Amino acid sequence: MGNFLFSILIAIVGIALLIGVAFLMSNDKKNINFKAIGIMIGLQVLVSWLLLSTKAGLKVIETVAKGFEKLLSYGYEGIDFVVGGWIPDGGSPFFVNVLLPVVFTAALLSLLTHLRILPYIIKYLGGLLSKITGLPQVESFNAINSVFFGQSEAILAIKSQIDHLNRNRLFIVSTSAMASVSAALIASYMTMLPAKYVLVGVILNMFSGLIVASIITPVKASKEDSEIVIDDMIHTKNVFDAIGTGAIDGGKVALIVGAMLIGYLGLLALLNGLFDGIFGMDLTTMIGYVFSPIAYLMGIPSSEILTSGSIMGTKLLSNEFVAILQLQPLLDVLSAKASAVLSTFLVSFANFSSIGIIAGAVQAINGAKAKEVSGFGLKLLLVATMASLLSATVVGLFV
């Protein structure tokens, strides 16, 4: 009991330090909306407590997880038809079981978007968030939108607003995009990580991106705040075009992630071998030492901070899938606290490659704004990573 309370105290100190660092980094301390920050941190604590510490919340998590599992079963119908004969009995290829379902979920999201079901849900949830917090509608809409769509799609959904966003507002929408994940990938994450932490992490990251970015680059809502244009989210001509476009986009994601994993995992193995031969310690372990103090401040037991730090650093340098594959075999070995914190931390797009993805999406809309994004790219990655740290630390309070 004493160790548990001590880890909670350390995590609270860690959250306070993170908020303090964000305040020191702020470019406009006088205009920070502390009320909005307080409300969103309160909502994070409330959501985490409800979903992780109450019977009703755990039931909701279980129901949603079963819903995703059922959804995936429909997707596997198409996968089995196309590649079923290639899989040996008892085989479980990562590409087939984890990446190919993205084709189905992306097609479903594209269809729901074309039918304007998702756009209206996102618009009104964004409006509600804006009213509760007092943040501008565009930033609130983008935060909700980033829960459902990938980084480039989230940016394109506010293309009519990009030209009017100043540097601070552009930074906030970019942070929301990088601190989140695409709903098309959530089902895939849930095949590798505990479903409850994936789902809670997705919700908390929506708030965390806004919290940290709104401290560092404050903005004010005005009465003339721009109206969200639903048509900006619709890029397909009819239902069949929506399904086809979504399936093709999902296929591209599956192939790109697969190719990146081959490259990153191979290079990581090479670098580990080189570093071990030259320095007597592999790169993964070195990264672990760098991130160990951060892991400790997140409430992870001191005996596990080196391993945890290594996984966190791997995610930052490569991507979340590489880090998840590193964490997956350790889930039954690590403590419940470390597993929860790390699982939540990994559910985001905060890594070096995301800088180019977001800058590229903005480039398609406004070249001058894209240069601004490229200019604050490293700072954007730092802030999105801080958002992931905040979400993971809050979850750790309830484990």
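Residues numbered from 1 in each chain as written. Predicted model: local features only at pLDDT ≥ 70, side-chain atom pairs only at ≥ 80, totals over all residues. Heavy atoms only, no water.

## Description of the overall build of the protein chain
Here is step 1 of the chain: In terms of regular secondary structure, the protein chain is built from 20 helices and zero strands.
Here is step 2 of the chain: The C-alpha atoms of the protein chain give a radius of gyration of 21 Å, which matches the 21 Å a tight globule of 399 residues would have.
Here is step 3 of the chain: For the protein chain, the spread of C-alpha atoms along the principal axes amounts to about 60 × 55 × 50 Å.
Here is step 4 of the chain: Across the 399 residues in the protein chain, those meeting the buried criterion constitute 52%.
Here is step 5 of the chain: Considering only contacts within the protein chain whose residues lie at least 6 apart along the sequence, 78% involve residues at least 24 apart.
Here is step 6 of the chain: Entry remark: accessible area of the protein chain is about 17300 Å², with carbon and sulfur atoms responsible for 68%.
Here is step 7 of the chain: Measuring between centres, the 23 positive side-chain charges of the protein chain sit 11 Å from its 22 negative side-chain charges. (Helix = DSSP H or I, 4+ residues; strand = E, 2+ residues; numbered from the N terminus. Rg over C-alpha atoms; globule rule 2.2 N^0.38 Å. Buried < 20%, exposed > 50% of the residue type's maximum accessible area, 1.4 Å probe, protein only. Contact = heavy atoms within 4.5 Å. Areas by Shrake-Rupley, 256 points an atom, 1.4 Å probe, with all protein chains shown as cover. Lys, Arg positive; Asp, Glu negative; His and termini not counted. Charge placed at Lys NZ, Arg CZ, Asp CG, Glu CD.)

## Description of the environment of Thr 191
Here is step 1 of the chain: One can find Thr 191 in the loop between helix H11 (183–190) and helix H12 (195–216).
Here is step 2 of the chain: For the pair Thr 191 and Glu 304, spaced 113 residues apart in the sequence, the C-alpha separation amounts to 24 Å.
Here is step 3 of the chain: The residues touching Thr 191, leaving out its near neighbours within four places in the chain, are Leu 72, Asn 97, Val 98 and Gln 328.
Here is step 4 of the chain: Within the local environment of Thr 191, its side chain forms a polar contact with the backbone oxygen of Ser 188, the two atoms lying 2.6 Å apart. (Polar contact = N/O pair within 3.5 Å; in protein donor to acceptor, adjacent residues only side chain to side chain.)

## Regarding the pattern of salt bridges
Here is step 1 of the chain: Per the stated rule, a full pass over the model turns up two salt bridges.
Here is step 2 of the chain: Taking the shortest distance from any N to any O, the salt bridge between Lys 66 and Glu 62 comes out at 3.2 Å. In this pair, Lys 66 and Glu 62 are both assigned in helix H3 (residues 55–83), four residues apart and thus about one turn of the helix distant.
Here is step 3 of the chain: For Glu 62, a relative accessible area of 35% translates into the label partly exposed. (Salt bridge = Lys/Arg side-chain N within 4 Å of Asp/Glu carboxyl O.)

## Digging into the packing of H3 against H12
Here is step 1 of the chain: Two elements in contact, H3 and H12, have axes whose closest approach is 10 Å; the angle formed by their N-to-C orientations is 100°. Between H3 and H12, the interaxial angle falls into the category roughly perpendicular. In this structure, H3 uses Ile 61, Val 64, Ala 65 and Phe 68 to contact H12, whose residues at the interface are Ala 195, Lys 196, Leu 199 and Val 200.
Here is step 2 of the chain: Looking at side-chain class alone, the contact of H3 with H12 contains seven nonpolar, no polar and one charged residues. (Axes fitted to C-alpha atoms, helices over the stretch in contact; angles between N-to-C directions. Parallel < 35°, antiparallel > 145°, perpendicular 65-115°, else oblique. Nonpolar A, V, L, I, M, F, W, Y, C, P; charged D, E, K, R; others polar.)

By themselves these figures say nothing about function.
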